[in-house]
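# Structural overview for review
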Amino acid sequence: MNAKKFNVFDALKYLTLLIGVFVVLFPPYVVIVNSFKADEEFNTASTMALPKSFFNFENFRVVFERGGLLSGFANTLVIICVALVFNILFGTMVAYVLGRFEFKLKKPVFGLYLFATVIPSITTQVATFGIIKSLGLYNTLGAPIILYIGADVIQIILYLQFIRNIPFDLDENAMVEGASLFRIYRSVIFPLLTPATSTLIILKTISIYNDMYTPYLYMPKQSLGVVTTVLMRFQGVNIANWNLISAAILLILLPTVVLYIFLQKYIFEGVASGAVK
Amino acid sequence: MFGTMSYKTQKKLIIFTFLLIPVGLLLLFTYYPAAKLVFYSFTDWDGYSPEKPWVGLNNYKEVFSNPDIFGVFTHNFAYFVMGLIQNAVAIYFAVILNSKLRGRNGFRLLLFLPYIMNGVAVAFMFGYVFDTTQGSLNLFLQSIGLTKLGETSWLGTPGLVNYSLASTGLWRFMGYNMVIYIASLQAIPRDIYEAAKIDGANAWQTFWRITLPNMKPVIQLNLFLTVTGALEVFDLPFVLTKGGPAGASQTYVQRVVDTAFAYSDYGLASAMSIVLLFFVAAVVGLQQFVLSRGGSGK
């Protein structure tokens, strides 16, 4: 690129980008401005107008009080943390065994995991429901937790791709020094899988935070709301009170948006490496 | 104690203990339900009574012969169409943002933003956008002079509702596709472009002859994801329209869930699930076939 000259193509590029940004920001803009409007102001002022004050937190207070948002956040956080710990643990363990050892059942186990990616779990819910019930997990936090751990195979696929790039010499060197196989897993393989682990944490956190289907189906109990089901219930009893619903929407959106702003680099990398298999 | 065992014993122990629980969970929550689903699909089970009367292929006959059931897939078609547009837009923005451009990180950040937003919150946000009287879309259309268009009932018109819903999907996932396309663009070696420049290729030729062919495997992957995604749509119509008006936006998965949990017809719901599973498996199988034939590494 030499001398900067005005160029029709460049203008077109920026114009389309600005249209794209406008389309992206328009719906959140409307939600933000209306979440700060009191009932009276909401009914009289234009939907698109800025609120009188950005310090009117009344709607947010109502959402917290009536919506059970705090317990929703708490339940979601518990589910994410427990599910992640076991996903990381089981994912690295299976990848270590399948990626490092030769044994008779290796091919069949590998095949089971690969074929499982073809079976969409949304299709088997009708049967899974009975299993969860007979395990006594229906209407407990255990239901989504065990489903996020057991019915998802993305972590295995992710770790398996990654462990191939860790040189075998490292295992052999450790063996020469007399390290046990468990120690090699814990002190060599596990730490070196960290990039895959951070990808997993990002992808899983987003998908669990966003999941509506599993908690809706397995935890209808009032006290066991997660962010998605709490929002659905709140909307159900406040239909057409868009200023209140806007406040609730905003509060649910905030945590991931804040994380996104701080972790954007890792999120882009995670998404890119999680998709290109 | 563990360290004193021979590596052979250790290996056996590690394989057994490390696989026991994960493989157990895999069997319990993926293969066992799938097997049960196949069994239920041949019965007339209502979901709670102990007897499960065997009805042979009746449920499958019903799935394929009842236009009410199979016809629901026409609603899913809207998501497929929007998915194609979504990929085209994503490729366009990916190519633009991969060129030298002032503020490209900011644009990338903003265009990807919807993807990390909570799906249910996004659904309600668009409920507000599409609202006929108070909705921002109609107010916006009226403010720029399109008064007639600004009176549209976006979610209340049977032919339109699926496209309105699917456009919300486009809004939410375009940035995701874009980021994947950007990553694939960055993997194209720079010297190919240098060579093309020396040969005097213009921007359009470079895009058509170099960029696009190099993106082919990723585009294929994304298109297959679009197909399976369109087959499995559930959240958005379920949250926003509950399938309405009068079932016009009901998707196939929603129909399965209703058949099982609202009408207690587990047998039929299972057969419907198996049919969907078969379709998705066929698409993924085709994908593996096409991608491996493309000879792009693996």
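Only a predicted model underlies this, so the values are computations on that prediction, with no experimental measurement involved.

### Observations concerning the overall build of chain B
Broken down by element type, chain B carries 13 helices and zero strands. The order of helices and strands in chain B, counted from the N terminus, is α-α-α-α-α-α-α-α-α-α-α-α-α. What you see for chain B is a C-alpha radius of gyration of 25 Å, clearly larger than the 19 Å of a compact globule of 298 residues, by over 25%. Of the contacts formed within chain B by residues at least 6 apart in sequence, a portion of 64% connects residues at least 24 apart.

### Notes on a nonpolar patch on the surface
Among the surface-exposed residues, Tyr29, Ile32, Leu50, Phe54, Phe55 and Phe57 of chain A lie close enough to one another that they form a single nonpolar patch of about 630 Å² accessible area. With respect to the helices, strands and loops of the structure, Ile32 of chain A is situated in helix α1 (residues 8-35).

### A word on the UniProt feature "transmembrane region" (unreviewed entry) in chain A
All names here are of chain A. In the UniProt entry, the feature "transmembrane region" (unreviewed entry) is given for residues 12-32, 73-98, 110-132, 144-163, 184-209 and 242-263. Between the end C-alpha atoms of residues 110-132 there is a gap of 26 Å, over a span that is 65% helix and 0% strand. The span residues 184-209 is 96% helical and 0% strand by assignment, and the distance between its end C-alpha atoms comes to 34 Å.

### Here we look at the pattern of salt bridges
All names here are of chain A. Scanning the model with the defined rule gives seven salt bridges over all chains in all. Between Lys106 and Glu102 there is a salt bridge whose closest N-O contact spans 3.3 Å. Residue Lys106 is classed as buried on the basis of its relative accessible area, which comes to 18%. Between Lys204 and Asp152 there is a salt bridge, and its shortest N-O distance comes to 2.8 Å. Here Lys204 is found in helix α11 (residues 194-210), whereas its partner Asp152 is found in the loop between α7 (142-150) and α8 (154-163), with 52 residues between them in sequence. According to the relative accessible area criterion, Lys204 is buried, its value standing at 3%. Residues joined in a network through salt bridges with shared partners are Glu58, Arg61 and Glu65.

### Regarding the UniProt feature "domain: ABC transmembrane type-1" (unreviewed entry) in chain B
In the UniProt entry, the feature "domain: ABC transmembrane type-1" (unreviewed entry) is given for residues 76-287 of chain B. Taken end to end, residues 76-287 of chain B comprises 75% helix and 0% strand; its first and last C-alpha atoms sit 20 Å apart.

### Quick notes on empty space enclosed by the protein
Across all of its chains, the model carries four cavities of 30 Å³ or more by this definition. Approximately 80 Å³ is the volume attributed to the largest cavity. Taken together, Phe90, Tyr113, Ile149, Gly150, Asp152, Val153, Gln155 and Ile156 of chain A together with Pro22, Leu25 and Leu26 of chain B make up the lining of the largest cavity. Among the elements of the structure, α7 and α8 of chain A together with α1 (7-41) of chain B are those that each provide at least two residues to the lining of the largest cavity. The dominant element in the lining of the largest cavity, judged by the number of residues it contributes, is α1 of chain B, at three residues. Residues belonging to the lining of the largest cavity are distributed by class as follows: eight nonpolar, two polar and one charged. Size it by volume and the second largest cavity reaches roughly 50 Å³. If you trace the second largest cavity, you find it lined by Ile122, Thr123, Gln125, Val126 and Tyr213 of chain A together with Val253, Val256, Val257, Phe261, Ser273 and Leu276 of chain B.

### Brief notes about the nonpolar core
Membership of the largest hydrophobic core comes to 187 residues, with the highest contact counts inside it found for Phe112 and Tyr252 of chain B. Per-element accounting of this core gives the leading share, 15 residues, to helix α14 (residues 242-275) of chain A. The contact partners of Phe112 of chain B, leaving out residues within four places of it in the chain, are Tyr260, Ile267, Phe268 and Val271 of chain A together with Gly175, Tyr176 and Val179 of chain B.

### With respect to the interface of chain A and chain B
Many structure descriptions define interface size as the accessible area lost when the parts assemble. Contacts between the two partners involve 93 residues from chain A and, on the opposite side, 88 residues from chain B. The junction of chain A with chain B conceals about 8200 Å² of combined surface from both sides, 80% of it contributed by carbon and sulfur atoms. The three residues of chain A that bury the most area against chain B are Leu17, Val126 and Trp242 of chain A, which together make up 9% of that side's buried surface. On inspection of chain A and its partner chain B, the count reaches zero salt bridges. On the surface where chain A and chain B come into contact, there are 17 residue pairs in polar contact (both at pLDDT 80 or more). For the side of chain A that touches chain B, the per-class residue count stands at 71 nonpolar, 18 polar and four charged.

### As for the UniProt feature "domain: ABC transmembrane type-1" (unreviewed entry) in chain A
According to UniProt, the "domain: ABC transmembrane type-1" (unreviewed entry) feature falls on residues 73-263 of chain A. Strand forms 0% of residues 73-263 of chain A and helix 76%; the C-alpha atoms that close the span are 20 Å apart.

### Quick notes on helix α10 (residues 181-192) of chain A
An ideal rise of 1.5 Å per residue puts 16 Å on twelve residues; α10 of chain A measures up with 15 Å between its terminal C-alpha atoms. For α10 of chain A, the set of buried residues is Leu181, Ile184, Tyr185, Val188 and Ile189 of chain A. The buried residues of α10 of chain A occupy an angular sector of 125 degrees when the element is viewed end-on, so they sit on one face. In this structure, the buried residues of α10 of chain A make contact with α4 (69-100), α8 and α9 (168-176) of chain A together with α1 of chain B.

### Some thoughts on the side chain of Asp171 of chain A
All names here are of chain A. Along the chain, the position of Asp171 falls in helix α9. Given a relative accessible area of 2%, Asp171 falls into the buried group. Leave out the neighbours within four places in its chain, and Asp171 touches Tyr96, Arg100, Ile184 and Ile189.

### Observations concerning the UniProt feature "transmembrane region" (unreviewed entry) in chain B
The UniProt record marks residues 12-32, 77-97, 109-130 and 266-291 of chain B with the feature "transmembrane region" (unreviewed entry), using the residue numbering of this structure. Helix and strand shares over residues 109-130 of chain B are 73% and 0% respectively, and the end C-alpha atoms of the span are 25 Å apart.

Rules of the game
- Residues numbered from 1 in each chain as written.
- Chains lettered and ligands numbered in written order.
- Predicted model: local features only at pLDDT ≥ 70, side-chain atom pairs only at ≥ 80, totals over all residues.
- Heavy atoms only, no water.
- Helix = DSSP H or I, 4+ residues; strand = E, 2+ residues; numbered from the N terminus.
- Rg over C-alpha atoms; globule rule 2.2 N^0.38 Å.
- Contact = heavy atoms within 4.5 Å.
- Patch = residues over 30% accessible without salt bridge, like charges linked within 9 Å, V, L, I, M, F, W, Y side chains within 5 Å.
- Areas by Shrake-Rupley, 256 points an atom, 1.4 Å probe, with all protein chains shown as cover.
- Salt bridge = Lys/Arg side-chain N within 4 Å of Asp/Glu carboxyl O.
- UniProt positions renumbered as here; feature names shortened; annotations may be inferred.
- Buried < 20%, exposed > 50% of the residue type's maximum accessible area, 1.4 Å probe, protein only.
- 1 Å grid on protein atoms, 1.4 Å probe; cavity = no way out; pocket = protein on both sides within 12 Å on 5 of 7 lines; lining within 4 Å.
- Points joined across faces, edges and corners; volume = space filled by probe spheres on them.
- Nonpolar A, V, L, I, M, F, W, Y, C, P; charged D, E, K, R; others polar.
- Core = buried A, V, L, I, M, F, W, Y, C linked by side-chain atoms within 4.5 Å.
- Buried area = accessible area lost by both parts, 1.4 Å probe.
- Polar contact = N/O pair within 3.5 Å; in protein donor to acceptor, adjacent residues only side chain to side chain.
- Expected span 1.5 Å × (residues − 1).
- Arc of directions from axis to C-beta.

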